[in-house]
Amino acid sequence: MLNVLSTQLYRLKKSKLFWALFIVCAVLPFLGALFISGVTSILENNLSGENADLFAELMGKGGERTLSAISSLTSLSSDAALFSLICSSIFLSGEFSGGAIRNMVLANKSRTQIFLSFLSVALVIGFSYLGVSYVSTLLFYGAFIGFGGVTVSAAISSCFTSLFLGVLSIALVQSLVCLFVFSTRKTGPTVAFPILFILFVPSIITFIAELILQMKLFAGQTVSEASLSWVPLCNMTLFDANNVDGALVGKIALYNIPITVLFATLSWVASKKDMK
């Protein structure tokens with residue numbers, strides 16, 4: 001397996017698409033922080049009185065905006081997840097169309113070796129994009145917007161929690177990509193179906209969960225918004241970094257349910273499909 005993996009990683013290192021999207025992931029947080037900082041500065045200089053107070057209350061403290069940007073990396077539709085999905089879909093499906101997979105079979109590589117190699121490459125792509133997005137967001141939002149208004153412990157807790165949940169979201173996305181790579185072996189469906197999944201499925205689940213929540217409220221039952229954290233794929237960025245409670249633990253635990261289901265399905269598909 002190591003030989004197969006090293007060969008794929010070598011081709012990945014030579015891929016222009018990988019590095020182009022890697023740079024995009026690094027630059028987007030810079031542009032976002034620069035835009036927010038510039039717009040905020042202009043509005044603060046041109047507003048006064050009640051309007052200035054209302055704007056300050058609406059925008060929140062600088063540290064809250066920075067931590068909000070970092071927590072957005074936990075979403076399935078984050079920049080890191082989306083661009084890594086595109087890169088891994090095109091690269092891995094190219095392994096089939098380019099004949100690389102046939103060479104692996106002819107070299108007597110087992111299905112398990114090929115399957116684990118593909119999944120490992122997908123995770124390398126995903127974690128690389130997550131890492132550069134995380135570092136870039138932390139640096140540029142910290143430099144342009146700052147961490148004012150939040151305690152050191154809250155900032156550290158939020159950063160580590162966001163990183164951990166981001167790793168889980170990337171694992172889910174890349175497992176989904178590998179499932180469609182082995183199922184279809186075509187670039188179009190491998191890109192399109194995972195994108196449709198990450199854009200719409202969490203939103204649909206969140207809508208249904210919130211609808212049920214509102215129905216319970218109208219029925220006079222006492223419910224908490226934090227209960228949404230117990231719904232898999234529901235509002236990925238919903239957590240309180242200052243309060244590592246049961247809802248957050250449940251969110252992390254339930255995040256692994258769709259990952260486990262996808263991994264099991266992927267393993268079954270890889271074992272049944274003709275690798276040639």
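An account of the accompanying structure is given in this report. Computed from a prediction, not measured in an experiment: that's the story for all the values here.

Cut-offs used in this document
Residues numbered from 1 in each chain as written. Predicted model: local features only at pLDDT ≥ 70, side-chain atom pairs only at ≥ 80, totals over all residues. Heavy atoms only, no water. Helix = DSSP H or I, 4+ residues; strand = E, 2+ residues; numbered from the N terminus. Buried < 20%, exposed > 50% of the residue type's maximum accessible area, 1.4 Å probe, protein only. Contact = heavy atoms within 4.5 Å. Core = buried A, V, L, I, M, F, W, Y, C linked by side-chain atoms within 4.5 Å. Expected span 1.5 Å × (residues − 1). Arc of directions from axis to C-beta. Patch = residues over 30% accessible without salt bridge, like charges linked within 9 Å, V, L, I, M, F, W, Y side chains within 5 Å. Areas by Shrake-Rupley, 256 points an atom, 1.4 Å probe, with all protein chains shown as cover. Salt bridge = Lys/Arg side-chain N within 4 Å of Asp/Glu carboxyl O. Axes fitted to C-alpha atoms, helices over the stretch in contact; angles between N-to-C directions. Left-handed = near helix turned anticlockwise from the far one by under 90°. Nonpolar A, V, L, I, M, F, W, Y, C, P; charged D, E, K, R; others polar. Polar contact = N/O pair within 3.5 Å; in protein donor to acceptor, adjacent residues only side chain to side chain.

Some thoughts on the overall build of the protein chain
In terms of helices and strands, the protein chain carries ten helices and zero strands. In sequence order, the secondary structure elements of the protein chain are arranged as α-α-α-α-α-α-α-α-α-α. Taking all 276 residues of the protein chain together, 41% fall into the buried category. Nonlocal contacts in the protein chain, meaning residues at least 24 apart in sequence, comprise 82% of its contacts between residues at least 6 apart.

Some words on the nonpolar core
Of all hydrophobic cores here, the largest spans 43 residues; its most connected members are L92, F118, V121, I125 and Y129. Looking at this core, the elements that each hand over two or more residues are α1 (2-13), α2 (16-46), α4 (62-71), α5 (79-97), α6 (100-106), α7 (111-144), α8 (152-184) and α9 (187-218). If one sorts the elements of this core by residue count, α7 sits on top with eleven residues. For V121, the residues in contact, after removing those within four places along its chain, are L5, Q8, L9, L12, F91 and L92.

Some thoughts on the environment of T137
One can find T137 in helix α7. Residue T137 is classed as buried on the basis of its relative accessible area of 5%. Separated by 71 residues in the primary sequence, T137 and T66 place their C-alpha atoms 8.1 Å from one another. In this structure T137 touches P29, A69, I70, L73 and G142, once residues within four positions along its chain are discounted.

Looking at α1
When the terminal C-alpha atoms of α1 are compared, their 16 Å separation across twelve residues agrees well with the 16 Å that a helix rising 1.5 Å per residue should span. Where α1 is concerned, the buried positions are V4, L5, Q8 and L12. Along the axis of α1, the buried positions cluster into a sector of 95°, meaning they face one direction only. Turned more than 90 degrees away from the buried face of α1, the exposed residues are L2 and N3.

Notes on a nonpolar patch on the surface
Together, F193, L196, L199, F200, I204, F207, I208, L211, I212 and M215 give the surface a local cluster of nonpolar side chains, amounting to about 980 Å² of exposed area. In this structure, F200 sits in helix α9.

A word on α5
Counted at 1.5 Å a residue, the expected span for α5 with its 19 residues is 27 Å, and the 27 Å between its end C-alpha atoms agrees. Looking one or two residues beyond α5, the residue adopting positive phi is G99, at roughly 90°.

Re the packing of α7 against α8
Between α7 and α8, whose axes approach to 9 Å, the crossing angle comes to 145°. The way α7 lies across α8 gives a crossing that is right-handed. Only C159, F160, L163, G166, V167, I170, A171, Q174, S175, C178, V181 and F182 of α8 make contact with α7, whose side of the interface consists of I114, F115, F118, L119, A122, L123, G126, F127, L130, Y134 and L138. The residue makeup of the contact of α7 with α8, split by class, is 19 nonpolar, four polar and no charged.

Brief notes about the packing of α1 against α7
Across the interface, α1 lies against α7 with an axial gap of 9 Å and an inter-helix angle of 35°. The element α1 and its partner α7 pack so that their crossing is right-handed. Of α7, the residues touching α1 (which contributes V4, L5, Q8, L9 and L12) are S117, F118, S120, V121, V124 and I125. A breakdown of the residues in the contact of α1 with α7 according to their chemical character gives eight nonpolar, three polar and no charged.

A short note on the side chain of T190
Here T190 lies in helix α9. Only 3.5 Å separates the side chain of T190 from the backbone oxygen of F180, close enough to count as a polar contact. Within polar-contact distance, the side chain of T190 engages the side chain of T184 at 3.2 Å. In contact with T190, other than residues within four places in its own chain, are S89, V177, F180, V181 and T184.

Focus on the environment of C87
Relative to the helices and strands, C87 resides in helix α5. With 42 residues separating them along the chain, C87 and Y129 place their C-alpha atoms 10.0 Å apart. Not counting the four nearest positions on each side in its chain, C87 is found in contact with L17, F18, L21, I125 and Y129.

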